[in-house]
Amino acid sequence: MIQGDASARVTSFTIDSRTVRPGGAFVALRGERTDGHRFVGDAAAAGAALAIVEHEPAAGSPRPPAVLKVGDAAEALARCGALARGTLRGTRFVGLTGSTGKTTTKELIAAGLGASRRVHRTSGNYNNLLGVPLTLLACPDDAEYAVVEMGMNAAGEIATLNRMTRPHLGLVTNVRPVHLEKLRTIDDVAAAKGELFATLPPDATSVVNLDDPHVRLQSMRHDGPRVTFGHDGAADVRCDRVLDRLAPGAALDATVGGERLHLELRLPGAHSASNALAAIAAVHAAGEDLASAARAMEAVEVGPGRGRILRLADDVVLIDDSYNSNPAALAAVLETLRATPSEGRKILIMGDMLELGEHSRAFHQEAGRRAAAAGVDVLIAVGPLARHALESARRSGVPEVHHEGSAASAARDLRERLRSGDLVLVKGSRGVGLDRLVREIAGGGEGEGH
């Protein structure tokens, strides 16, 4: 302790000086782009009671009343998160990961449990080695459930997060070919996601997707109780029927122990129905009422970039799926696009899919073929990797293809090409910045029930 009372209490934790609350703690992290130690003074001005630092602030510079020096600020944050978890003895934790759909599934689970219980959940994309401890530290003492999303970029990270969280229920949504720059094969991805099952406490319940062979295999790493879901007739939560549609959203029929459930979702596509099935299974594993949970899930809406449907001038419909992209997610939304009728042309704005390693070219070429199969009339590829989709799309029958180097130029291109009644799908990894294209094109467009 450099200064201050070691027994003093703080009321919140943050790694961003702009979100410091009076009486809270600011953790100064060293990042690739900036060093949090530069903002200790800003944290003090915002009312921080404590700064956790790796080196003492300069003499005479502003600082909070208490300053704690540690060897590794990120590790200190993780230890604080684990300690916070240990104090929450009355809270049941749900831990989930997966290649796709985990954020939407997290929201659906939280809504389902929240129909009758007090629920805390991961906020935004706080699902990594920094976000999970912050999620645990923010959990109120009176929360009856906490739904914690876990993301990863490399092997070992899910195990670390799961040991920190110690969930009572553990779910892997699916395994898909993502993060292949560091995890070279889908089997490596499966093993990394499967760390959640391997590190579940023995008395925890695993929630297992029987439709995914990688998940089924990885679930064997946990010997405790399990609840299964999928189309398999032997599943505890069985999917009977899915309506794959963009608007007004997907619909789902499921059977749980003889009880029939029908959900009319405000979320587009069969992949959203799969996320809802996983959420139903988690609520069932928790022993909560399914009927009230289903009604609460029906009210869940997606945020910007996650399949939001915007109706623009001249009867143009724009599907904003710009938050992220990978081969499986793109294939799923293209299948929904194929099944969706359109008065005008179907236009795909496809950005680079990142972190695919040596398989990147092949995956983008396959995306071009899938675009043709989905009935895409115009493909606008954005970024150097997406260019690989153009030739395969042209050979496969897409009538019109174009390449743009940036989201800004793609927005100008799209604006010139739009016609009345067009259906536009925007899909790409976050680094491509297609959210900016959506803002430029949509302007004052309003979501329709999403």
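Just so it is clear, the model here is predicted, and its values are computed rather than measured.

This paragraph deals with the overall build of the chain. For the chain, the count of helices and strands is 15 helices and 20 strands. Its C-alpha atoms give the chain a radius of gyration of 23 Å, within 12% of the compact-globule value 22 Å for 450 residues. Taken along the three principal axes of its C-alpha coordinates, the chain extends 70 × 55 × 40 Å. Across the 450 residues of the chain, 54% fall into the buried class. The contacts in the chain between residues at least 6 apart in sequence include a share of 62% that link residues at least 24 apart. With an accessible surface of roughly 19200 Å², the chain has 48% of that area assigned to carbon and sulfur atoms. In the chain, 52 side chains carry a positive charge and 55 a negative one; their mean positions are 2 Å apart.

For helix H13 (residues 388-396), every residue scored as buried is listed here: Ala 389, Leu 390, Ser 392 and Ala 393. Where the residues of H13 are buried, they touch strand S16 (346-351), helix H12 (360-373), strand S17 (378-382) and strand S18 (400-404). Just downstream of H13, Gly 397 is the residue with a positive phi angle, here 115°.

The next point concerns the side chain of Thr 105. Take Thr 105: it is sitting in helix H3 (residues 102-114). Classification of Thr 105 as buried rests on a relative accessible area of 0%. Ignoring anything within four residues of it in the chain, the contact list for Thr 105 reads Leu 96, Leu 171, Thr 173, Asn 275, Ala 278 and Ala 279.

Reading guide: rules and limits
Residues numbered from 1 in each chain as written. Predicted model: local features only at pLDDT ≥ 70, side-chain atom pairs only at ≥ 80, totals over all residues. Heavy atoms only, no water. Helix = DSSP H or I, 4+ residues; strand = E, 2+ residues; numbered from the N terminus. Rg over C-alpha atoms; globule rule 2.2 N^0.38 Å. Buried < 20%, exposed > 50% of the residue type's maximum accessible area, 1.4 Å probe, protein only. Contact = heavy atoms within 4.5 Å. Areas by Shrake-Rupley, 256 points an atom, 1.4 Å probe, with all protein chains shown as cover. Lys, Arg positive; Asp, Glu negative; His and termini not counted. Charge placed at Lys NZ, Arg CZ, Asp CG, Glu CD.

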